[in-house]
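The primary structure of each chain is shown beneath.
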Amino acid sequence: MSLSTSQVKSVLRAARTVRVHARCLATPSSSLSKGRFSQTLEDGPSLDDFIADKVPDRVVLGNAKTPRLPSYLKTTIPKGASFSKIKKDLRGLKLHTVCEEARCPNIGDCWGGKEGATEAEGKRGATATIMLMGDTCTRGCRFCSVKTSRAPPPLDPHEPENTAEAISRWGLGYIVLTSVDRDDLADGGAYHFAETIMKIKQKAPHILVEALTGDFAGNMEHVSVVAKSGLDVYAHNVETVEALTPFVRDRRATFRQSLKVLEHAKKEGVRITKTSIMLGVGEHEAQVMDALRELRKVDVDVVTFGQYMRPTKRHMKVDRYVEPAEFERWKQVAEDMGFLYVASGPLVRSSYKAGEFYIENVLRGKGTERRGKTLIASHELGIEAKVQS
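First things first, this report covers the structure right here in the doc. Fair warning: this is a prediction, and the values are worked out from it, not measured in the lab. All residue numbers refer to position in the chain's written sequence, counted from 1. Where local features are concerned, this predicted model is filtered to residues with pLDDT of at least 70; where side-chain atom pairs are given and counted, the filter is 80 or more; whole-chain, interface and lining totals use all residues. Just so you know, side-chain values use all the structure's heavy atoms and leave hydrogens and water out.

## Quick notes on the pairing of strand β8 (residues 272–279)
Stage number 1. Most of β8 sits inside the fold, with eight of its eight residues counted as buried.
Stage number 2. For each residue, the accessible area found with a 1.4 Å probe, counting protein chains only, is set against the maximum for its type, and the residue is called buried under 20%, exposed over 50%, and partly exposed in between. Every helix listed is a DSSP run of H or I at least four residues long, and every strand listed is a run of E at least two residues long, numbered separately from the N terminus. Of the two faces of β8, the one carrying I272, K274, S276 and M278 and the one carrying T273, T275, I277 and L279 are both buried.
Stage number 3. Of the strand pairs in this sheet, strand β7 (residues 233–235) and β8 are connected by three bridges, and their pairing is parallel. Residue pairing in the sheet places V233 in a bridge with I272 of β8.
Stage number 4. Inspection of the sheet shows β8 paired to strand β9 (residues 302–307) by six bridges, in the parallel sense. Directly across from M278, in β9, lies its bridge partner G306.
Stage number 5. As for the winding sense of the linkage, the β-α-β connection from β8 through helix α13 (residues 285–297) to β9 is right-handed. Strands were regarded as paired on the criterion that DSSP finds at least two bridges between them. With the strands aimed away from the viewer, a crossover counts as right-handed if its path from the first strand over the helix to the second runs clockwise.

Here you go:
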């Protein structure tokens with residue numbers, strides 16, 4: 001049977017449109033690989049071995065090379081009436097705290113979240129560290145989880161007023177103010193910091209204010225602005241020993257520059273100066289001793305020791321977890337060197353409330369203590385004079 005020209009064209013067209021569908025495997029099957037897998041299962045431990053705990057080789061999950069977190073560094077989930085109230089107030093006034101930004105393990109404790117505390121007890125005992133000038137820092141220290149940027153958002157002109165309002169609303173007796181570093185500002189944020197302190201003192205003169213500042217890029221005039229603002233405690237953290245500073249802190253921060261900040265604040269008439277040192281970053285005992293000697297040379301009053309805790313995997317690793325007994329030893333060493341107060345422990349941070357309680361008593365009773373010492377000295381001199389006569 002002969003086909004017409006039109007029929008031949010139709011057949012050819014249909015042939016061209018036919019597609020061959022073939023099933024392709026990403027990994028070709030192999031009877032040999034299946035046999036090996038089956039043999040591995042056959043040679044491995046049986047269910048009876050697992051039940052009898054006779055497994056020869058155990059699988060280790062995670063990174064076994066880094067030290068494991070000790071039990072004394074594990075904390076409970078924060079809760080409590082005072083904790084919830086402070087968190088609500090902060091959100092309403094759009095304020096930031098270093099407690100949250102730096103993921104501090106003591107947030108529940110310092111915000112009055114201890115189980116069993118009444119609302120009144122929580123209010124009196126709560127301590128919040130407010131972070132001024134936003135939540136974005138211009139520096140990138142290798143231990144800190146605060147966000148960083150070369151150009152953070154502009155300052156909020158209402159922040160000093162809002163901060164003072166929040167603090168007067170809480171009714172706290174002691175407050176800590178800190179800030180991100182703002183190298184993008186001409187004054188490093190010194191006048192903004194000082195304005196906040198002055199407004200707090202205007203609204204609640206009885207509140208004791210601690211300012212935990214940066215180094216203001218070594219500009220002592222800016223340090224003076226904050227030091228003369230009416231604060232009670234000037235704090236600036238050296239963070240670590242001098243030898244490790246380039247590896248721990250931002251390259252713009254130096255150990256010597258931090259010493260100059262603390263020294264200048266004291267010269268400007270600040271009653272108490274304070275600093276903090278992290279342990280567990282690779283420091284040696286001799287280096288810690290040298291750091292303490294340098295701090296005493298510039299008349300620092302308070303020092304705190306705490307364990308470095310790696311906030312995320314992007315930050316520097318923990319060299320070691322320091323035992324509580326070693327923290328106690330450093331506390332004794334620092335006290336023997338003449339520091340007014342030392343807070344030392346695995347979970348202690350520069351703004352931990354244990355320090356505030358003591359410093360509050362010192363500030364309120366410093367004049368009484370001096371008068372008492374003078375009276376005692378006069379009494380002893382009187383007795384000595386009578387004996388000699």
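Structure shown, so let's carry the discussion forward.
## A closer look at the packing of aromatic side chains
The geometry of two aromatic rings is summed up by the distance between their centres and the angle between their planes.
Stage number 1. Each Phe, Tyr or Trp ring, with Trp reduced to its six-membered ring, pairs with another whose centre is within 6.5 Å; inter-plane angles below 30 degrees give stacked pairs, above 60 give edge-to-face pairs, and intermediate values give tilted ones. Summed over all chains, the structure comprises one aromatic pair.
Stage number 2. Ring geometry for F305 versus W330: centroids 6.2 Å apart, planes at 25°, classification stacked. Of this pair, F305 sits in strand β9 while W330 sits in helix α14 (residues 324–336); the two residues are 25 residues apart in sequence, bridging distant segments of the chain. Accessibility assignment for this pair places F305 and W330 in one class, buried.
Stage number 3. As a reminder, the over-ring test applies to NZ of lysine and CZ of arginine, requiring each to be within 6 Å of the ring centre and within 35 degrees of the ring normal. Taking the ring centre of F339 as reference, the NZ or CZ of R296 above it sits at 5.1 Å.

## A short note on the packing of helix α12 (residues 255–267) against α13
Stage number 1. Every angle, taken between N-to-C directions, lies between 0 and 180 degrees, and every axis is a line fitted to C-alpha atoms, over only the stretch in contact when it is a helix. Following both chains from N to C, one finds α12 and α13 inclined at 30°, their axes separated by 9 Å at the closest point. With respect to α13, the axis of α12 lies roughly parallel. Viewed along their axes, α12 and α13 form a crossing whose handedness is right-handed. Here α12 contributes F255, R256, L259 and L262 to the contact with α13, which in turn contributes A291, E294 and L295.
Stage number 2. Counted by class, the contact of α12 with α13 contains five nonpolar, no polar and two charged residues. Any angle from 65 to 115 degrees is called roughly perpendicular, while one under 35 is roughly parallel, one over 145 is roughly antiparallel, and all others are oblique. In this scheme the handedness of a crossing depends on how the near helix is turned from the far one: anticlockwise by less than a right angle means left-handed, clockwise means right-handed. Residue contacts are defined here by distance: any two heavy atoms, one from each residue, within 4.5 Å place the two residues in contact. Any residue that is not Ala, Val, Leu, Ile, Met, Phe, Trp, Tyr, Cys, Pro, Asp, Glu, Lys or Arg is counted as polar, Gly included; the first ten are nonpolar and the last four charged.

## Things to note about the pattern of salt bridges
Stage number 1. Any Lys or Arg side-chain nitrogen found within 4 Å of a carboxyl oxygen on Asp or Glu counts as a salt bridge. With the rule as written, the count across this model stands at 24 salt bridges.
Stage number 2. Residue E161 is joined to K203 by a salt bridge in which the shortest nitrogen-to-oxygen separation is 3.0 Å. You can see E161 sitting in helix α8 (residues 159–170) and its partner K203 sitting in helix α9 (residues 190–203), a full 42 residues away along the chain.
Stage number 3. With relative accessibility at 37%, the residue K203 sits in the partly exposed group.
Stage number 4. Salt-bridge contacts for R320 lead to E326; the nearest nitrogen and oxygen are separated by 2.9 Å.
Stage number 5. The exposure class of E326 is buried, given its relative accessible area of 18%.
Stage number 6. Residues joined in a network through salt bridges with shared partners are R139, D183, D215, D250 and R252.

## Focus: α8
Stage number 1. With 12 residues, α8 should cover 16 Å at 1.5 Å per step; its first-to-last C-alpha distance of 16 Å lies within 8% of that length.
Stage number 2. Within the span of α8, buried status applies to E159, P160, T163, A164, A166, I167 and W170. For α8, the angular spread of buried residues about the axis comes to 160°, placing them on one side. Expected helix span is taken as 1.5 Å per residue step, with the number of steps being one fewer than the number of residues. What the arc measures is the spread of directions leading from the helix axis to the C-beta atoms.

## A word on the nonpolar core
Stage number 1. Counting residues in hydrophobic clusters, the biggest one holds 33 residues, and the most contacted among them are I167, L177, F193, I197, V226 and Y234.
Stage number 2. For this core, the elements supplying multiple residues, two or more each, are β2 (129–132), α8, β5 (174–179), α9, β6 (208–212), α10 (220–227) and α12.
Stage number 3. Counting residues per element, this core draws most heavily on α9, at five residues.
Stage number 4. The definition of a nonpolar core used throughout is a set of buried Ala, Val, Leu, Ile, Met, Phe, Trp, Tyr and Cys residues joined through side-chain atoms within 4.5 Å. Residues L259, V288, V300 and V342 belong to the second largest nonpolar core, which totals 32 residues.

## Focus: unusual backbone geometry
Stage number 1. At F216, a position not held by glycine, the phi torsion is positive, near 50°.
Stage number 2. Note on placement: F216 falls in the loop between β6 and α10.
Stage number 3. For A217, which is not a glycine, the phi torsion comes out positive at approximately 55°.
Stage number 4. For A217, a relative accessible area of 52% gives the class exposed.

## Points about the packing of α9 against α10
Stage number 1. It is at 8 Å that the axes of α9 and α10 come closest, and there the two elements cross at 10°. Between α9 and α10, the crossing angle belongs to the class labelled roughly parallel. On α10, the residues that touch A190, Y191, F193, A194 and I197 of α9 are H222, V225 and V226.
Stage number 2. Of the residues that constitute the contact of α9 with α10, the class distribution is seven nonpolar, one polar and no charged.

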